[in-house]
Amino acid sequence: MLGISSVTVLMTLYFITCGFFVYAYSGTLNKSKESFLLANRSFETIRGAFSISAAWTWATALFLAPQLSYQFGFTGFFWILIMNTLTLFLFGFAAHKIREMYPTGFTFSEHIKLNYGSIAHNTYNLAFVLIAVVALSLNIYAGSKLIETLTGMSMNLSALFLIVSAVIFSIFRGLRSTNITEIFKMVIVLSTALIIVPQVWSLVGWETIQKGMSGANGKYGDLFTSAEAIAFFWTTGIYFIFRHFSLPWADNSFWQRAFVIKPEKIKVTYALAAAIFFIAPAMFASLGFVAAGLGLKPDNLQLTNVSVIAQLLDPWALWLVVFMLFTALTSIIDSQITSVTTLISNDIIPQFKNKLEESKLIDYSRFGVVGIVLLAWVLVNIPGVNILYFGFLTGCICMTFIVPSIVALVKPELQSPKAMVAGILTALFVGFPLYAWASLNKLNDLALVGFFGCLLIPAVCSLLVSNNDRANLISK
């Protein structure tokens, strides 16, 4: 593995290189909302696709996919990556619709406020902030854990570097500077995958990869024909289906991209983003097959891909992969911070100070981001957490909002504000804590109840209770 000095060099190289591109190509600072938050709504297809795919390339894709491919073979590979990819394509239709409805909008929360009032509006603001905090925690944890495992450096020290780098780039020139880091990220991620992974394939051969598709214990490799594969679906795969599909609906960064890309390009941009996204995570996930096929025993399952590369290739390959992972995680933190900045400046601060100049609004939102990042840092230090735990926490929150959000976008008149808010808050304050606690304490059955409670409670309230509210109103 690498030493502290080596990783420090890589961190410094990222900061200097990416900083140069941000400074050179993101233009001048303009603290108007249109410019700072939405880059003047100027993204074309390629630029938008790179931005979306970068925002979707989380630690779950780069770390968890190789881990599950190693443990559960093709079964794990399929359920974590296929729905992950398909989700981006499908969300393009929702993004196109919201942009048609609000050509000059900023957030999905605005739509909720116009149709359901201020209480529902703030309920959605709460959701978007929660998702941002957990997403930040997930990616800060993954990056700092990587550095700690490679060097022994304190997680908190490495987390501090990740956070500072991301905050500086995100508040420098807003979405335009963030987009530079996103493009830089995807170029590095794709290049690294295309350079490194085929070398591993050529060393081990197809027979080893094929053998590894059955997982480390040799009992996986299909979707529904073996008892093990079926068990994996009911205990893990079904979580990923609902988590992935619901995630962009409650993550403001994907609604933000809808308002940035030119309206006629949104669907094709999201489709292209899905294709770009799939390449690197699928290639790195195949290293899980390699580890299983060779009978390797990674010391840290969350770093299966790093372990394979360290054991099979020359040291330069590990340097490149660590630089890629550091770049990817810092960029996603940057993207989440930019998303939160939009939410704070457009939906939260105006409720308290509605006559601020746009430049002041942007400044206040920058300060607000600091508190959210600090909260994420606190979550990273909870004993027993890991990448999988944070991944499912995001899914749990997102599922709370998926049914009310779809109804709000397609048929807003079908649900009443009171029923929608009651369902969401009940799920957030009952189902979500139940899942978080039960999962942390390995109480799987209770965790399953909490997880799907977050889906069913708001769905029942949004549809059935709303129907009852309308019936009572008509009878009166």
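Just above, that's the structure.
Here's what I pulled together on the structure shown here. Values in this document were obtained by computation on a predicted structure and should not be read as measured data.

Reading guide: rules and limits
Residues numbered from 1 in each chain as written. Predicted model: local features only at pLDDT ≥ 70, side-chain atom pairs only at ≥ 80, totals over all residues. Heavy atoms only, no water. Salt bridge = Lys/Arg side-chain N within 4 Å of Asp/Glu carboxyl O. Helix = DSSP H or I, 4+ residues; strand = E, 2+ residues; numbered from the N terminus. Buried < 20%, exposed > 50% of the residue type's maximum accessible area, 1.4 Å probe, protein only. Core = buried A, V, L, I, M, F, W, Y, C linked by side-chain atoms within 4.5 Å. Contact = heavy atoms within 4.5 Å. Polar contact = N/O pair within 3.5 Å; in protein donor to acceptor, adjacent residues only side chain to side chain. Phe/Tyr/Trp six-rings, centres within 6.5 Å; stacked < 30°, edge-to-face > 60°.

## With respect to the pattern of salt bridges
In step 1: Going through the model one piece at a time under the given rule, you end up with 5 salt bridges.
In step 2: A salt bridge links Glu-44 to Lys-262; its shortest N-O distance comes to 2.8 Å. One end of the pair, Glu-44, is in the loop between α2 (33-38) and α3 (45-56); the other, Lys-262, is in the loop between α11 (252-260) and α12 (266-294), with 218 residues separating them in the sequence.
In step 3: Glu-44 sits in the partly exposed class, given a relative accessible area of 37%.
In step 4: Take Lys-262: its relative accessible area is 29%, and that puts it in the partly exposed class.

## A few points about the nonpolar core
Here is a general trend for soluble globular proteins: nonpolar side chains tend to be buried in one another's company.
In step 1: The biggest cluster of nonpolar side chains holds 171 residues, and the ones touching the most others in it are Phe-63, Leu-88, Trp-255 and Tyr-270.
In step 2: The greatest single-element share of this core, amounting to 18 residues, is contributed by helix α6 (residues 118-151).
In step 3: The residues contacting Tyr-270, other than those within four sequence positions of it, are Ile-52, Leu-88, Phe-89, Phe-91, Gly-92, Ala-95, Phe-254, Arg-257, Ala-258 and Ile-261.

## Focus on the side chain of Gln-256
In step 1: Counting through the fold element by element, Gln-256 comes out in helix α11.
In step 2: There is a polar contact of 3.0 Å between the side chain of Gln-256 and the backbone oxygen of Leu-37.
In step 3: Residues in contact with Gln-256, not counting those within four places in the same chain, are Leu-37, Leu-38, Phe-106, Leu-175, Thr-338, Ser-339 and Thr-342.

## Points about the packing of aromatic side chains
Within a pair of aromatic rings, the relevant descriptors are the distance that separates the centres and the angle that separates the planes.
In step 1: A complete count under the given rule lists 33 aromatic pairs for this structure.
In step 2: Measuring from centroid to centroid gives 4.9 Å for Phe-91 and Trp-255, while their planes differ by 70°, and the two rings are edge-to-face. You can see Phe-91 sitting in helix α4 (residues 59-101) and its partner Trp-255 sitting in helix α11, a full 164 residues away along the chain. Here Phe-91 and Trp-255 have matching classes, each one buried.
In step 3: Both rings, one in Tyr-239 and one in Phe-452, keep their centres 6.1 Å apart while their planes meet at 50°; by these two values the pair is tilted. A residue pair is termed long-range when its members are at least 10 positions apart, and Tyr-239 in helix α10 (residues 227-246) and Phe-452 in helix α18 (residues 444-475) qualify at 213 residues. Here Tyr-239 matches Phe-452 in class, with each residue buried.
In step 4: An aromatic cluster is defined as three or more aromatic residues linked by ring pairs; in this entry it consists of Tyr-14, Phe-15, Phe-20, Phe-21, Tyr-25, Phe-161, Phe-184 and Phe-326.

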